[in-house]
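Observations on the three-dimensional arrangement
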Amino acid sequence: VEATLGKFEILGCAFAGISSSKFSSLSLRECSGNVAVSNTDVRSLVLRRISGGTALEANVGEELVVSQNGGPVLVTNNSFDTFLRLRKIRAAVDARDNTLGEFQVINVRGNVTI
């Protein structure tokens, strides 16, 4: 998807791929497959209950929350002014080369690489 939108929410999808877009708020919840978000300008990005892997690359915004995910999480080359919060992740997390105001990792079962 390439778009310029205000608030956008995807609830219950097989997989999602979003790139080169601009949002005030983007929320993806309860996706059964993989989710990828890249080259996106978004004030608030929230990913919850993603069963597959999650890849977030080259995004710019204020806050990023990844919560209750089942697959591995890759977060690279992002810039979030306020915080990046990873919570209840059941697999490995790779969060290298990010520019962050605050970084929180809570209850991750796999390896965490920063």
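Details of the structure are given in the entry above.
What you see is a predicted model, and the numbers here were worked out from it, not measured in a lab. (Residues numbered from 1 in each chain as written. Predicted model: local features only at pLDDT ≥ 70, side-chain atom pairs only at ≥ 80, totals over all residues. Heavy atoms only, no water.)

It is worth spelling out the overall build of the protein chain at this point. A count of helical and extended segments in the protein chain gives zero helices and 13 strands. When its helices and strands are written in sequence order, the protein chain yields β-β-β-β-β-β-β-β-β-β-β-β-β. Against the 2.2 N^0.38 benchmark of 13 Å for 114 residues, the protein chain shows a C-alpha radius of gyration of 12 Å, consistent with a compact globule. Principal axes of the C-alpha set define a box for the protein chain whose edges measure 35 × 30 × 15 Å. Per-residue burial for the protein chain yields a buried fraction of 44% across its 114 residues. Sequence separation of 24 or more characterises 1% of the internal contacts of the protein chain that already satisfy a separation of 6 or more. A total accessible area of about 5700 Å² is found for the protein chain, and carbon and sulfur atoms account for 45% of it. Side-chain charges in the protein chain split into 12 positive and 11 negative, and the spacing between the mean points of these groups amounts to 10 Å. (Helix = DSSP H or I, 4+ residues; strand = E, 2+ residues; numbered from the N terminus. Rg over C-alpha atoms; globule rule 2.2 N^0.38 Å. Buried < 20%, exposed > 50% of the residue type's maximum accessible area, 1.4 Å probe, protein only. Contact = heavy atoms within 4.5 Å. Areas by Shrake-Rupley, 256 points an atom, 1.4 Å probe, with all protein chains shown as cover. Lys, Arg positive; Asp, Glu negative; His and termini not counted. Charge placed at Lys NZ, Arg CZ, Asp CG, Glu CD.)

Side chains of nonpolar character tend, in soluble globular proteins, to be buried together. Grouped together as the largest cluster of nonpolar side chains are 26 residues, with contacts concentrated most on Leu28 and Leu45. For this core, the secondary-structure elements that each account for two or more residues are strand S2 (16–19), strand S3 (22–31), strand S4 (35–38), strand S5 (41–50), strand S7 (60–69), strand S8 (73–76) and strand S9 (79–89). If near-sequence neighbours (up to four positions away) are discounted, Leu45 is found in contact with Leu26, Leu28, Val37, Leu56, Glu63, Leu64, Val65 and Phe80. (Core = buried A, V, L, I, M, F, W, Y, C linked by side-chain atoms within 4.5 Å.)

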